[in-house]
Amino acid sequence: MTAIPAALTIEQGRAVCRILGLPPSLVREVRVTPLDGVEATLFLRDREGRYILHGEQPLTTTVHIPFTESGQEVSPRGTAR
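Residues numbered from 1 in each chain as written. Predicted model: local features only at pLDDT ≥ 70, side-chain atom pairs only at ≥ 80, totals over all residues. Heavy atoms only, no water.

Another point: the pattern of salt bridges. Tallied over the full model, the rule gives four salt bridges. Note that Arg18 is salt-bridged to Glu11, the shortest N-O span being 2.4 Å. Asp46 is the salt-bridge partner of Arg50, the closest N and O atoms lying 2.9 Å from each other. For Asp46, a relative accessible area of 24% puts it in the partly exposed group. Overlapping salt bridges bring together Asp46, Glu48 and Arg50 as one network. (Salt bridge = Lys/Arg side-chain N within 4 Å of Asp/Glu carboxyl O. Buried < 20%, exposed > 50% of the residue type's maximum accessible area, 1.4 Å probe, protein only.)

Next up on the list: the sheet that holds strand E1 (residues 27–33). Read from one edge to the other, the open sheet built from three strands follows the order E1-E2-E5, with strand pairing classed as antiparallel. A single partner strand is all that each edge strand has here, and the edge strands are E1 and strand E5 (60–65). Averaged over all pairs of adjacent strands, the angle between their axes in this sheet comes to 15°, without regard to strand direction. Pairing of E1 with strand E2 (residues 37–43), which is carried by six bridges, proceeds in the antiparallel orientation. Within the sheet, the bridge partner assigned to Val27 lies in E2 and is Leu42. (Pairing = 2+ DSSP bridges. Helix = DSSP H or I, 4+ residues; strand = E, 2+ residues; numbered from the N terminus. Axes fitted to C-alpha atoms, helices over the stretch in contact; angles between N-to-C directions.)

With that out of the way, let us pick up the pairing of E2. Within E2, six of the seven residues are buried, which leaves it mostly tucked inside the rest of the structure. Between E1 and E2, which pair antiparallel and follow one another directly, the connecting turn spans three residues. As paired strands, E2 and E5 are joined by six bridges and run antiparallel to one another. In the sheet register, Val38 faces E5, and the bridge partner there is Ile65.

So, in structure tokens, the structure goes:
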């Protein structure tokens, strides 16, 4: 049986974000499901790099990165070519 880690380091978490092409500083949450792909909740920032707030809470957006068949090329917009 494969050993499941009790915890990950912060650097390992950041590495997961980078592997997925997500800037670690913007990631609030990442979920990976075997059939659906990756769903990431990201913080929104303005042009000066400040978090955009709604009241006292930072605004977020959710992006979905679907899985594709092995070898299928995907455009930067996320559509199959």
